[in-house]
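Architecture at a glance
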Amino acid sequence: MISLAKDHLNHHQPCLRILGLGIPLMDIIAQEVDPALLAKYHLLPNDVIRDDEGLRHRALLGELLATSGKSSNPIQKVAGGAVQNSMRVAQWWLSKVDNHHRKTTFLGAVGDDALGREMRAKTEADGVEVCYQLEPTTPTGSCLCLLTDSGRNRSLVANFGASSAFRLDFLEDHFHLVQQAEIIYVSGFHYAVCPQAAELLAKHVQEFNLGCTEKDSKKGRKRRKYFVFNLSAVYVARQHGDQLCRRLLPLVDLFFANAEEARALAEEMVNSGKKEKNEDCPNSLEQIAKLLADVRVDGENDKLSSASRTVIITQGGEGDILVVKSGSQQEPEMQKFSVVKVDAIVDSNGAGDAFVGGYLAALAMREESEKVRIEAATRAAGQILQVIGCQLPRK
């Protein structure tokens, strides 16, 4: 396992609180899946499929359960969902600084059923404060994680279940949790379910920051907040790109995407007219990152645009991590960070969630160095690459 030296932890100031809004799913993990099974259900080795009708999900689960007893690697259940995973990783990291207080909160919707209660228990055992909207008639969502090539590839088939029923009024009823948080993180998966929730949170952050003057900040009267968004999947860009670019992206302080997702969103920006239609979509990831970093609110509401935006584009283990920072008074600034290779990869599922969790933990510790934040992110991801699912070391 990767050791996490305490030299990298900032002990001098209290950590910021992190709130995550996402799609809670119980991960059902099958190892060394026969590639023929993927082909049978028209699945790619590395992909994310949303199957809310549940036809493929149920049939696949039936086959996996039928063969699990004959396998040396039985099916495992792990509390999952991208944002919930990131909160668990961030809490694990932050517990090294302050083991007496919960610093992370997760909001989402689950069924009022045994699976939802089991997932709550697993997440709370990791130190995260859980606030679930309970749906009496819709079951808790789950995600089949099919691992091939010794865990290097993972095909995900997700049935969102009750997560798709998240209501804006539930968020409004629990807005005190939002007000207590300094870092607010939302996934593209959840944006596709309830875009109004993400927009409400982003507007709250930027209105708060607008009233937080430099003078007040220096005197400690107010603290600034961060709105963090992860694009999560190509389908989010394809199906919601126009609305996302117009209504949410200008309010984002910290934006995560992988290379394929970032390219898809840039193409949607061109097609929707957010960028001049007679211009081609940028070819390089550097150009795409700068494009995403520069999007602002149109018209008189421009004052709500994030004063500075950091865009982080990852390329798995195949290329540099690109970080672009923009501000209203400056040209976007580019940095590149090399990926630390992990030799003994057991399971790639959850590594991206852990990357975000490590980064947010460093941000919560008020770490200003981008290098140190990325180091925390890559070390957290490296930890999860060496275990099945997003499972954290127990004390």
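Residues numbered from 1 in each chain as written. Predicted model: local features only at pLDDT ≥ 70, side-chain atom pairs only at ≥ 80, totals over all residues. Heavy atoms only, no water.

Now for the packing of helix α3 (residues 82-94) against helix α14 (residues 370-385). Packing of α3 against α14 leaves a shortest axis separation of 11 Å and a crossing angle of 110 degrees. Considered as vectors, α3 and α14 are oriented roughly perpendicular to each other. Here V89, W92 and W93 of α3 lie close against α14, whose contacting residues are A376, R379, A380 and Q383. Here the contact of α3 with α14 is built from residues that sort into 5 nonpolar, 1 polar and 1 charged. (Axes fitted to C-alpha atoms, helices over the stretch in contact; angles between N-to-C directions. Helix = DSSP H or I, 4+ residues; strand = E, 2+ residues; numbered from the N terminus. Parallel < 35°, antiparallel > 145°, perpendicular 65-115°, else oblique. Contact = heavy atoms within 4.5 Å. Nonpolar A, V, L, I, M, F, W, Y, C, P; charged D, E, K, R; others polar.)

A separate point is the nonpolar core. In this structure, L201, F227, F229, L231, F255 and L292 are the most contacted members of the largest nonpolar core, which totals 70 residues. Not counting chain neighbours up to four residues away, the residues in contact with L231 comprise G188, V236, A237, L244, F255, F256, A257, E261, A262 and L265. In terms of nonpolar packing, the next biggest core, distinct from the first, is built from 46 residues, L16, V356, A362 and A381 among them. (Core = buried A, V, L, I, M, F, W, Y, C linked by side-chain atoms within 4.5 Å. Buried < 20%, exposed > 50% of the residue type's maximum accessible area, 1.4 Å probe, protein only.)

On to the packing of aromatic side chains, then. We describe a pair of aromatic rings using the distance from one ring centre to the other and the angle between the two ring planes. In the structure shown here, the tally under the stated rule is 9 aromatic pairs. Pairing F166 with F170 gives two aromatic rings, centres 5.9 Å apart and planes at 80 degrees, and the pair type is edge-to-face. Each member of the pair, F166 together with F170, is buried. For the ring pair F256 and F355, a centre distance of 6.4 Å and an interplane angle of 85 degrees mean the geometry is edge-to-face. Linking F256 in strand β11 (residues 254-258) with F355 in helix α13 (residues 351-364), this pair joins segments that are 99 residues apart in sequence. Each member of the pair, F256 together with F355, is buried. Linked through ring pairs, F160, F189 and Y235 together constitute an aromatic cluster. Against the face of Y226 rests R224, its NZ or CZ located 4.1 Å from the ring centre. (Phe/Tyr/Trp six-rings, centres within 6.5 Å; stacked < 30°, edge-to-face > 60°. Lys NZ or Arg CZ within 6 Å of the ring centre and 35° of its normal.)

Before going further, it helps to spend a moment on the sheet that holds strand β2 (residues 25-30). Pairing within the open sheet is mixed, and its 5 strands lie in the order β3-β8-β7-β2-β4. The open sheet has two edge strands with one neighbour each: β3 (47-50) and β4 (76-80). The average undirected angle you get between the axes of adjacent strands in this sheet is 20 degrees. Against the sheet, helix α4 (residues 114-125) contacts β2, β4 and β7 (140-148), and its axis sits at roughly 70 degrees relative to β4. (Pairing = 2+ DSSP bridges.)

Topologically, T105 is positioned in strand β5 (residues 104-111). A polar atom in the side chain of T105 sits 2.8 Å from the side chain of E129. (Polar contact = N/O pair within 3.5 Å; in protein donor to acceptor, adjacent residues only side chain to side chain.)

This paragraph deals with the environment of Y235. Inspection of the secondary structure puts Y235 in helix α10 (residues 234-248). Spatially, the C-alpha atom of Y235 lies 8.4 Å from that of E261, the residues being 26 residues apart in sequence. Apart from residues lying up to four places away in sequence, Y235 is in contact with R50, F160, F189, A192 and H240.

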